[in-house]
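Letter by letter, the chains look like this.
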Amino acid sequence: MTSITISDNKKVYFASDQHLGAPTHEQSFPREQKFVRWLDEIKDDAEAIFLLGDLFDFWFEYKTVVPKGFVRVLGKLAEIRDKGIPVYFFVGNHDLWMRDYFEKELNIPVFHSSQEFTINNKSFLIGHGDGLGPHDKGYKRMKKVFTFPLFKWMFRWLHPDLGVKLGQYMSVKNKLISGDEDFKFLGEDKEWLVQYCKRKLEGKHYDFFVFGHRHLPLDIQLQENSKYYNLGDWINFYTYGAFEKDQFSLLEYK
């Protein structure tokens with residue numbers, strides 16, 4: 001378990017679901033600029049930064065090729081890492097085909113499942129959130145197909161011009177892949193990530209659960225000393241999380 005101690009006047013930041021590239025590069029470009037401005041503003045007081053998946057609406061790494069574009073956000077992340085600020089990346093359902101590009105080029109560790117962290121002596125369970133909890137069975141089946149080694153091997157034999165174009169089309173159009181969500185709160189008994197967190201608490205205590213994927217900013221008290229946060233997105237809400245001392249805040253970037 002990774003442990004982080006926050007220095008005086010520093011914070012740990014969390015963001016998720018930027019979906020850069022969707023529905024087109026031209027339409028997502030203002031979102032990329034806005035997200036880069038946010039990264040630039042927080043770099044001076046960031047103890048660490050957590051990116052919880054779906055930074056890209058589609059991402060596939062060939063052995064020597066990655067999707068074209070996103071140079072501004074990649075350059076800003078490189079600058080942040082060069083300053084010595086830790087960045088942790090969790091793959092989402094749109095960028096689940098990420099391999100080692102971030103690790104080799106940016107020195108950013110990549111996680112393919114939820115991870116436990118201790119931050120200022122508070123226990124966190126952090127991840128993207130897709131496929132967790134009850135229900136969502138169609139997506140869970142689809143995810144098994146897309147993460148199956150043979151399928152990835154077959155896809156990699158497509159020419160990148162065809163493979164990336166096909167992947168971008170599927171990512172935008174196919175609801176099973178895109179994980180489109182209703183932006184209305186469904187109630188704790190129907191929010192599957194809330195149910196997942198409550199089940200986890202039956203076996204182990206966590207002070208904070210932090211996830212993305214849902215696209216809806218959520219702040220839910222699970223127990224007296226345990227809370228669940230969903231970070232929202234950078235399409236409709238432009239929300240992010242900030243943890244300072246022992247306080248987690250869900251904020252909007254304007």
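Predicted, not measured: the structure shown is a model, and the values here were computed from it. (Residues numbered from 1 in each chain as written. Predicted model: local features only at pLDDT ≥ 70, side-chain atom pairs only at ≥ 80, totals over all residues. Heavy atoms only, no water.)

1. Describing unusual backbone geometry
Item 1. In this chain, Ala22 is followed by Pro23 through a cis amide linkage whose omega measures -5°.
Item 2. Checked against the element boundaries, Pro23 lands in the loop between β2 (11–15) and α1 (25–42).
Item 3. Unusually for a residue other than glycine, His19 sits at a positive phi of about 50°.
Item 4. Tracing the backbone shows His19 in the loop between β2 and α1.
Item 5. Look at His19 and you get buried, because its relative accessible area is 4%. (Helix = DSSP H or I, 4+ residues; strand = E, 2+ residues; numbered from the N terminus. Buried < 20%, exposed > 50% of the residue type's maximum accessible area, 1.4 Å probe, protein only.)

2. Details of α1
Item 1. The terminal C-alpha atoms of α1 lie 25 Å apart, and with 18 residues this matches the ideal 26 Å at 1.5 Å per residue to within 8%.
Item 2. Here α1 has its buried residues at Ser28, Arg31, Glu32, Lys34, Phe35, Val36, Trp38, Leu39 and Ile42.
Item 3. Turning to α1, the residues buried within the fold contact β2, β3 (46–51), α2 (71–82) and β11 (239–244). (Expected span 1.5 Å × (residues − 1). Contact = heavy atoms within 4.5 Å.)

3. What about the side chain of His213?
Item 1. Within the secondary structure, His213 sits in the loop between β8 (208–211) and β9 (217–223).
Item 2. Given a relative accessible area of 3%, His213 falls into the buried group.
Item 3. There is a polar contact of 3.1 Å between the side chain of His213 and the side chain of Asn93.
Item 4. Reaching out from His213, the side chain makes a polar contact with the side chain of His128 at a distance of 3.2 Å. (Polar contact = N/O pair within 3.5 Å; in protein donor to acceptor, adjacent residues only side chain to side chain.)

4. Examining the pairing of β2
Item 1. With 4 of 5 residues buried, β2 lies mostly within the body of the structure.
Item 2. Pairing geometry for β2 and β3, over 5 bridges, is parallel. For Ala15, the partnering residue across the bridge sits in β3 and is Leu51.
Item 3. After leaving β2, the chain enters α1 and then returns to the sheet as β3, a path that is right-handed.
Item 4. Judged from the 3 bridges that link them, β2 and β11 form a sheet pairing that is antiparallel. (Pairing = 2+ DSSP bridges. Right-handed = clockwise from strand over helix to strand, strands pointing away.)

Just distances and angles here, no functional claims.
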